[in-house]
Each structure stands twice: as structure tokens, then as C-alpha cells.
Amino acid sequence: QVQLVESGGGLVQAGGSLRLSCAATGSIFGLNAMDWYRQAPGKQRELVATITSGGSTNYADSVKGRFTISRDNAKKTVYLQMNSLQPEDTAVYYCHVATFVGYEYWGQGTQVTVSS
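Small disclaimer: the values here were computed from a predicted structure and weren't measured.

A. A look at a nonpolar patch on the surface. Judged by side-chain polarity, Phe-100, Val-101 and Tyr-103 come together as a nonpolar surface patch covering roughly 380 Å² of accessible area. With respect to the secondary-structure elements, Tyr-103 resides in the loop between strand S9 (91-99) and strand S10 (104-106).

Quick look at the structure:
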């Protein structure tokens, strides 16, 4: 059974940093795009950052220059380095993985809270 195990969330003051990790476990092969989404209270889930199998990245305008997505294919893990965090970054962060044959998986979510 495939699982995405997230870690690294927590409480941080404005201006601080956190690093999220998401490791895929189980029989998962052919990882394609790996993404991070977030959902704040009362808001829709939004795409934060994407990294393709070739390493190309894309970011939401709100996090450009502050967040960095990366991946380790050997470890089947995707990371999100978040710097200069602001209260508006407070949300539950979810990782999402797609495979080349069309399967998609979601992590359980990790809470990030930024205090002012």
C-alpha cells in the first residue's frame, strides 16, 4: 500500500523558516510530478509548488522567492523549504504525487502556523 508520509510542520514566528518533507512508501514506481498544496481555514486548497521528474519547478506567485521545492528520487521524497514565513502562510500543507501511469496520491497534511 502506498503512503505519503509528511513531516516538518509546526509553529514558527513571522520571518522564520520551516522545511517540509514528504516520503513515498510502499510499491510506488515511475514518479512524475510532485507537488505541495496548502489549505487555509475557510479557503480552497491551492497549489504552492510543483517539481517535475526532470527537476523543473513552478511556484505560486505568493511564495516565489521565499519557498523552494526539491526532490530526491532515490528516496522518493519531496521537500519544501519555506523561508521568510508570514502569517498568511498559515495552513495545512499537503504533498501530492502523480505517477507516469496515472496514479495520484495525497499526504495526510501537516499544519504550519506562523505567528505575528
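Now, onward.
B. Summary view of the packing of aromatic side chains. The tally for this structure, following the rule as stated, stands at two aromatic pairs. One cation-aromatic arrangement involves Arg-19 over Tyr-79; the distance from NZ or CZ to the ring centre is 4.1 Å. A cation over an aromatic ring shows up here: Arg-45 above the ring of Tyr-94, its NZ or CZ 3.8 Å from the ring centre.

C. Summary view of the pattern of salt bridges. This model, assessed by the stated rule, comprises four salt bridges. A salt bridge links Arg-38 to Asp-89, with the shortest nitrogen-to-oxygen separation between them at 3.0 Å. Of the two residues, Arg-38 is situated in strand S4 (residues 31-39) and Asp-89 in the loop between strand S8 (77-82) and S9; the sequence distance between them amounts to 51 residues. Classification of Asp-89 as buried rests on a relative accessible area of 1%.

D. Representation of the pairing of S9 within the structure. Within S9, eight of the nine residues are buried, which leaves the element mostly enclosed by the surrounding structure. The pairing of S4 with S9 spans seven bridges and is antiparallel. When the sheet's bridge partners are listed, Asp-35 is paired in S9 with His-96. Note: S9 against strand S11 (residues 110-115), three bridges, orientation antiparallel. Along S11, the bridge assignment pairs Tyr-93 with Thr-110.

E. Structural detail: the environment of Ser-27. Assignment of secondary structure puts Ser-27 in the loop between strand S3 (18-25) and S4. Sequence separation of Ser-27 and Val-12 is 15 residues, and the distance between their C-alpha atoms is 35 Å.

Calculation rules
- Residues numbered from 1 in each chain as written.
- Predicted model: local features only at pLDDT ≥ 70, side-chain atom pairs only at ≥ 80, totals over all residues.
- Heavy atoms only, no water.
- Patch = residues over 30% accessible without salt bridge, like charges linked within 9 Å, V, L, I, M, F, W, Y side chains within 5 Å.
- Areas by Shrake-Rupley, 256 points an atom, 1.4 Å probe, with all protein chains shown as cover.
- Salt bridge = Lys/Arg side-chain N within 4 Å of Asp/Glu carboxyl O.
- Helix = DSSP H or I, 4+ residues; strand = E, 2+ residues; numbered from the N terminus.
- Phe/Tyr/Trp six-rings, centres within 6.5 Å; stacked < 30°, edge-to-face > 60°.
- Lys NZ or Arg CZ within 6 Å of the ring centre and 35° of its normal.
- Buried < 20%, exposed > 50% of the residue type's maximum accessible area, 1.4 Å probe, protein only.
- Pairing = 2+ DSSP bridges.

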